[in-house]
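Fold and geometry: a report
Chain residues, written in single-letter form:
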Amino acid sequence: MADLGSVPNYLCVDSIERSLWIPGVRQFRRLDRLHLEIAHIEGADRFSWLGNSAFQSKAPTSMVGYGASFRGDFADNRALVFKNDWTKISYAGRVTIEGRPALRYEYDVHRGALAVRNADQSGFAAARGAFWIDPETLDVLHIDIEAYDIPASLAIRSIVDSTMYWPVLVGGRRVLLARRSEFLLTEADGTMKRNTSMFSNCREYSAESTVTFGSSPGTLVSPPTME
């Protein structure tokens, strides 16, 4: 919790590949790939299209206008587990993850602390899952999240998310940031939406201001970066 509270403002590039599985089809079909910049400023996440400095609090789904997402792939899932007063944590033993020793813990947040959005519908669900800790450095290696008590109005059968972390130098400081995450949402009819995110080019976030006199040109906004 102390580490999360002292993380400097930072910025990363998030490349999200979004895929769809329709019942009766044997594989995921890629829909698109989004390239965003995500800024973690004063403990909150802000999003922008790549190359556009106009950050906003909207999740990527809201920015694009369709798809599924939840606020957590970047940093909020650590806050959900470690800074939530309703989280219950239990030790589950020593394991090996990606060829290295780790301590496994299981947790449950029975209150609706997970914000979920599916198309134009949104709501809150409870969450449970597990996380893995390096026994020497106490770094968080991996967090899995499973939603439950999902509002019926969302027409969602299940939600799972898996995020891996690694140490990054930001502003001369060593901080733990997301390296890769996979979000999978299954709708009531069996349709599955998958978002796979890769985070790169993480650096300290800083803002500059310029004072000018006289008329100023209009603001140019870059179009969405999609493939």
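Residues numbered from 1 in each chain as written. Predicted model: local features only at pLDDT ≥ 70, side-chain atom pairs only at ≥ 80, totals over all residues. Heavy atoms only, no water.

1. Let's talk about the state of the cysteines
Put simply, the rule reads: Criterion for a disulfide: a pair of cysteine sulfur atoms at a distance within 2.5 Å. Think of it this way: any DSSP run of H or I at least four residues long counts as a helix, any run of E at least two long counts as a strand, and we number them from the N terminus. Remark: exposure states derive from per-residue accessible area (1.4 Å probe, protein chains only) relative to the maximum for the residue type, with buried under 20%, exposed over 50%, and partly exposed in between.
Per the counting criterion, the structure on display carries one disulfide. Each sulfur in the disulfide pair Cys12 and Cys202 lies 2.0 Å from the other. Note on the Cys12 and Cys202 pair: the S-S dihedral is about 120°, so by sign convention the disulfide is right-handed. One end of the pair, Cys12, is in strand β1 (residues 10-21); the other, Cys202, is in strand β11 (residues 192-204), and 190 residues separate them in sequence. With respect to burial, Cys12 and Cys202 carry one shared label: buried.

2. Describing unusual backbone geometry
Phi is positive for Glu98, which is not a glycine, with a value near 55°. You can see Glu98 is positioned in the loop between β5 (87-97) and β6 (100-118). Taking the relative accessible area as the measure of exposure, Glu98 reaches 58% and is therefore exposed. Positive phi is not limited to glycine here, since Asn201 has a value of about 50°. Within the secondary structure, Asn201 is located in strand β11.

3. Some details on the confidence of the model for the protein chain
Put simply, the test is: Each residue carries a pLDDT value, the predictor's own confidence for that position, ranging from 0 to 100. Contacts: residue pairs with any heavy atoms within 4.5 Å of one another.
Confidence in the prediction for the protein chain averages 82 pLDDT; 82% of positions are at 70 or higher. Element-level mean pLDDT values for the protein chain span from 59 in strand β4 (residues 68-70) up to 95 in β5. A low-confidence stretch, residues 216-226 (pLDDT under 50), is modelled with 16 contacts involving residues beyond four sequence positions or located in other chains.

4. Quick notes on the nonpolar core
Short version of the rule: Side-chain atoms within 4.5 Å link the members of a nonpolar core, which is a set of buried Ala, Val, Leu, Ile, Met, Phe, Trp, Tyr and Cys residues.
Residues Tyr107, Leu114, Ile143, Ile145, Ile150, Ile156 and Ile159 are the most contacted members of the largest nonpolar core, which totals 27 residues. Only α3 (76-82), β6, β7 (121-133), β8 (140-148), β9 (156-170) and β10 (173-187) provide two or more residues apiece to this core. The element contributing the most residues to this core is β6, with five residues. Other than its neighbours up to four places away in sequence, Ile159 contacts Val116, Ile145, Glu146, Ala147, Ile150, Phe183, Leu184 and Leu185. One finds Cys12, Val170, Leu177 and Cys202 within the second-largest nonpolar core, a separate group that totals seven residues.

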